[in-house]
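A look at the structure
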Amino acid sequence: MTAPDDNTLHAWLDGELLPERRSEVDAWLRDHPEAAARVREWAADAAALRARLDGVLDEPVPPALADVVWGTAPALAAAPSVPQVGAPASWLRWAAAIAVFVLGGAVGAALMWRVQAQPGALAAGGHPAAEPAWVQRAAVAHAVYVPEQRHPVEVGAQEEHLSRWLTKRLDVPVKLFDLRAQGFELVGGRLLPDASAPSAQLMYQSIAAPGASGASGVTGASGNAATAQRVTVYLRKPDDATPAAFAYERQGELGLFYWVEGRSAHGGPTGYALVGALPRERLLALAEVIYRQGQSTP
Amino acid sequence: MQAPTAFRQQLLAAIPRLRRYARSLVFDTHAADDLVQTALERALAHWHQFDQRRDILVWAVAIAHNAYMDDRRRQARLPLAGAARHDAHEHDDGRALPSAVELQPAASPDIGLRLDLVAALKQLPLEQREPLLLVTLEQLSYAECAEVLRIPIGTVMSRISRGRTALRALLAGHAPHASAHGLRRVV
């Protein structure tokens with residue numbers, strides 16, 4: 001192997017090489033101790049840099065910056081970079097910031113408790129989130145229909161007019177997303193009222209693990225709905241066609257990803273909200289599949 | 001429409017690393033926090049542009065970088081007074097002249113010509129310093145670094161290579177560029 005150039009050695013140190021190239025450089029460095037020593041020096045400099053500057057990470061977030069994030073900063077921009085040390089007000093600011101955090105935690109805990117105790121009461125006032133109202137409606141629709149055993153959907157997945165019906169009523173393309181690779185199968189869908197027009201909810205249910213369904217012979221082929229995880233996809237015609245990036249919101253145990261597609265493969269702009277009591281990563285994986293399938297032609 | 005709580009929480013969690021990045025860029029604690037504040041304000045104003053599939057730190061760092069560059073451009077346009085106020089240690093080419101303040105007396109006289117780490121960092125041209133910090137300190141990938149700085153990934157690669165080699169040379173006590181003035185004896 002010819003000697004790797006410096007760029008390659010730096011990329012090796014930064015873990016940027018593909019596995020094959022990486023092992024080539026590994027081997028080359030073993031045979032070239034002087035080069036290996038140089039790389040070690042770079043690594044030592046990097047470690048020294050981190051040691052020197054990592055201290056910032058352990059400092060408490062200055063209250064002024066936390067205030068900016070929570071939108072509670074009273075004209076802070078007018079007084080930047082004034083050293084707070086020793087100022088009598090700094091204690092008050094700290095106390096106020098701590099109070100805000102404690103209060104925020106208490107409100108969050110209370111909300112969590114309410115959501116868990118009473119899944120239908122998601123829309124109860126007082127939630128500090130400011131996501132669009134239709135996302136709130138998606139969360140409520142989820143909470144209302146997901147616990148439903150006998151009538152979770154209006155039209156079952158097996159009925160082939162489901163997609164056509166919802167597409168026609170919503171005036172946006174309603175595609176039946178295939179989430180089986182992610183472990184969820186379509187139960188069906190229903191038509192719902194939104195603010196000024198209809199919206200649709202598609203319900204998906206986790207596919208029972210093989211063996212589990214066979215063992216529970218009592219419930220039969222329909223699977224055990226009581227233990228199955230359910231997620232819902234809420235679709236609507238957006239108020240305007242402006243595409244919006246993926247946004248995430250958590251309400252107690254429920255996670256919501258919502259976004260607006262300016263143009264789908266079928267034409268019209270569509271607002272989506274994916275709702276489920278899943279960890280953020282799993283919900284995001286589902287949201288990405290839905291997004292991709294919404295983009296592709298059927 | 002106001003930013004959702006979840007977004008604010010993500011942003012809050014990114015503050016410590018944003019502060020580290022800002023401090024490695026402007027060094028002065030208060031100036032660095034001013035930069036962080038500007039970045040946070042811009043992030044909140046454009047929260048709806050954040051794609052939740054992405055890493056919020058990379059997004060916020062890109063905003064901080066842009067804010068810093070805006071600030072530099074603004075300062076550069078101002079004659080004299082502005083130039084003096086703006087990072088007094090830096091020349092227009094981004095290469096720093098160490099001042100007496102920066103070159104803190106070394107702990108041991110044995111260190112002789114060796115520069116303090118931060119003083120050495122300041123001597124790197126900004127175009128080398130920033131990618132090096134993003135990758136070494138913030139542990140961004142080359143691709144993320146390219147995205148933040150809006151330069152091709154090959155450029156990131158070569159700037160990191162040159163920056164790291166230059167930093168090593170400075171720390172070893174010999175000038176990477178023929179700039180003897182950067183190596184004032186510090187004891």
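Counting starts from 1 at the beginning of each chain's written sequence and moves along it residue by residue. Each chain is given a letter, starting from A, and each ligand a number, starting from 1, according to the order in which they appear as written. At least 70 in pLDDT is required for a residue's local features to be given in this predicted model, at least 80 for side-chain atom pairs to be given and counted, and no such filter applies to totals for whole chains, interfaces and linings, which use all residues. Only hydrogens and water are set aside when side-chain values are computed; all heavy atoms of the structure are taken into account.

Here we come to the overall build of chain B. The secondary structure content of chain B amounts to eight helices and zero strands. Secondary structure of chain B in N-to-C order comes out as α-α-α-α-α-α-α-α. Each residue is assigned to one of three classes by its accessible area relative to the maximum for its type, calculated with a 1.4 Å probe on protein chains only: buried under 20%, partly exposed between the two thresholds, exposed over 50%. Counting every position in chain B, which comprises 187 residues, the buried fraction comes to 56%. Any two residues whose heavy atoms approach within 4.5 Å at even a single point are treated as in contact. Considering only contacts in chain B between residues 6 or more positions apart, those separated by 24 or more positions represent 66%. Secondary structure elements are defined from DSSP: runs of H or I of at least 4 residues count as helices, runs of E of at least 2 residues count as strands, and each element is numbered from the N terminus.

What follows deals with the overall build of chain A. Scanning chain A from terminus to terminus reveals ten helices and seven strands. For chain A, buried positions account for 39% of its 298 residues. Long-range contacts, defined here as pairs at least 24 residues apart, represent 63% of the contacts in chain A between residues at least 6 apart. Reported accessibility uses the Shrake-Rupley method at a 1.4 Å probe radius. Residues are deemed covered only where the shown protein chains occlude them. Accessible area for chain A stands at about 15,600 Å²; split by element, carbon and sulfur atoms hold 59% of it.

Taken together, the contact between chain B and chain A spans 53 residues of the former and 51 residues of the latter. The quantity reported as buried area is the accessible area (1.4 Å probe) lost by two parts once they are put together, taken as the sum for both. Taken together, the two surfaces of chain B and chain A that pack against each other cover about 4,600 Å², and 64% of this comes from carbon and sulfur. Of all residues in chain B, Gln52(B), Arg53(B) and Arg164(B) give up the largest surface area on contact with chain A, accounting jointly for 15% of the area buried on that side. In this structure, Arg168(B) engages Glu41(A) in a salt bridge whose closest nitrogen and oxygen atoms are separated by 3.8 Å. Any pair of N or O atoms that falls within 3.5 Å is considered a polar contact. Within protein, one atom must be able to donate a hydrogen and the other to accept it, and sequence-neighbouring residues count only if both atoms are side-chain atoms. Applying the counting criterion to the chain B and chain A interface returns 16 residue pairs in polar contact (both at pLDDT 80 or more). Looking at the side of chain B that touches chain A residue by residue, the class counts come to 24 nonpolar, 16 polar and 13 charged. We count a salt bridge whenever a side-chain nitrogen from Lys or Arg sits within 4 Å of a carboxyl oxygen from Asp or Glu. Only Asp, Glu, Lys and Arg are considered charged in this grouping, and only Ala, Val, Leu, Ile, Met, Phe, Trp, Tyr, Cys and Pro are considered nonpolar; every other residue, Gly among them, is considered polar.

Before going further, it helps to spend a moment on the nonpolar core. To define a nonpolar core, start from buried Ala, Val, Leu, Ile, Met, Phe, Trp, Tyr and Cys residues and group those joined through side-chain atoms within 4.5 Å. Membership of the largest hydrophobic core comes to 87 residues, with the highest contact counts inside it found for Leu29(A), Phe7(B) and Leu40(B). At eleven residues, helix 3 (residues 56-77) of chain B tops the list of elements feeding residues into this core.

So, on to the sheet that holds strand 6 (residues 254-261) of chain A. Residue and element names in this part refer to chain A. The seven strands lie next to each other as 1-2-3-4-7-6-5, forming an open sheet whose pairing is antiparallel. Only two strands of the sheet have a single partner each, and these edge strands are strand 1 (155-156) and strand 5 (244-251). Here strand 3 (residues 198-206) pairs with strand 4 (residues 230-236) via six bridges, running antiparallel. Pairing of Gln205 across the sheet is with Arg230, part of strand 4. As a rule, the C-alpha atoms of each element are fitted with a line to give its axis, helices using only the stretch in contact, and angles between N-to-C directions run from 0 to 180 degrees. The sheet strands contacting helix 7 (residues 133-145) are strand 2 (184-193), strand 3, strand 4, strand 5, strand 6 and strand 7 (270-276), and the helix crosses strand 4 at an angle near 140°. Note on pairing: DSSP must find at least two bridges between two strands before they are called paired.

A few words now on helix 5 (residues 63-70) of chain A. Most of helix 5 of chain A sits inside the fold, with seven of its eight residues counted as buried. One or two residues past the end of helix 5 of chain A sits Gly71(A), with phi positive at roughly 70°.

Here we come to the pattern of salt bridges. Under the definition given, this model contains 23 salt bridges over all chains. Close ionic contact of Asp14(A) with Arg164(B) constitutes a salt bridge, the shortest N to O distance being 2.7 Å. With Asp14(A) in the loop between helix 1 (6-13) and helix 2 (19-31) and Arg164(B) in helix 8 (residues 153-172), this residue pair bridges two chains. Of the charged contacts in the structure, one is a salt bridge between Arg53(B) and Asp51(B), with a shortest N-O distance of 2.7 Å.

Residue and element names in this part refer to chain B. Note on placement: Glu130 falls in helix 6 (residues 126-136). Among the polar contacts listed, one links the side chain of Glu130 to the side chain of His65, at a separation of 2.6 Å. Once residues lying within four places of it in the same chain are set aside, the contact partners of Glu130 are Tyr21, Leu25, His65 and Leu149.

Moving on, we get to the confidence of the model for chain A. Residues and elements named next belong to chain A. One number per residue, pLDDT, summarises how confident the predictor is, and it ranges from 0 to 100. Confidence in the prediction of chain A, expressed as mean pLDDT, is 76, and 70% of residues score 70 or more. Segment residues 75-94: pLDDT under 50, and 18 contacts once partners within four positions in sequence are set aside and those in other chains are kept. Low confidence marks residues 100-129, where pLDDT is under 50. Its contacts with residues over four positions away, or in another chain, come to 28 contacts.

Moving on, we get to the packing of helix 3 of chain B against helix 7 (residues 142-149) of chain B. Two measures define how a pair of helices packs: the angle their axes make with one another and the distance between the axes. Residue and element names in this part refer to chain B. Contact pair helix 3 / helix 7: the axes reach a minimum separation of 8 Å and the direction vectors enclose 35°. Relative to helix 7, helix 3 is oriented so that their crossing is right-handed. Here Val58, Val61, Ala62 and His65 of helix 3 lie close against helix 7, whose contacting residues are Glu144, Glu147, Val148 and Leu149. Classifying every residue of the contact of helix 3 with helix 7 by side-chain character gives five nonpolar, one polar and two charged. Two helices that cross are described as forming a left-handed crossing if the nearer one is turned anticlockwise from the farther one by less than a right angle, and a right-handed crossing if clockwise.

This next bit is on the environment of Val153(A). Residue and element names in this part refer to chain A. As for its position among the elements, Val153 is in the loop between helix 7 and strand 1. Classification of Val153 by relative accessible area gives buried; the value is 17%. Residues Val153 and Gly189, 36 residues apart in the sequence, show an inter-C-alpha distance of 5.2 Å. If we skip the residues at most four places from it in the chain, Val153 touches Val187, Gly188, Gly189, Arg190 and Met203.

What follows is about empty space enclosed by the protein. Residue and element names in this part refer to chain A. Lining residues are defined by having an atom within 4 Å of a point belonging to a cavity or pocket. Those points lie on a 1 Å grid over the protein atoms alone, cavities being sets where a 1.4 Å probe fits but cannot get out and pockets being open sets with protein on both sides within 12 Å along at least five of seven lines. Grid points are joined across faces, edges and corners, and a volume is the space filled by probe spheres set on the points. If you walk through the whole model with that rule in mind, you get four cavities of 30 Å³ or more. Estimated volume of the largest cavity: approximately 50 Å³. In terms of residue count, the dominant contributor to the lining of the largest cavity is strand 5 (three residues).

Now for the pairing of strand 2 of chain A. Here is the key point about a regular strand: its side chains alternate between the two faces of the sheet. Residues and elements named next belong to chain A. Taken across its ten residues, strand 2 has seven buried, putting it largely inside the fold. In this sheet, strand 3 lies alongside strand 2 in antiparallel orientation, the contact comprising nine bridges. If you follow Leu191 over to strand 3, its bridge partner there is Ala200. Hairpin connection between strand 2 and strand 3: a loop of four residues separates the two successive antiparallel strands.

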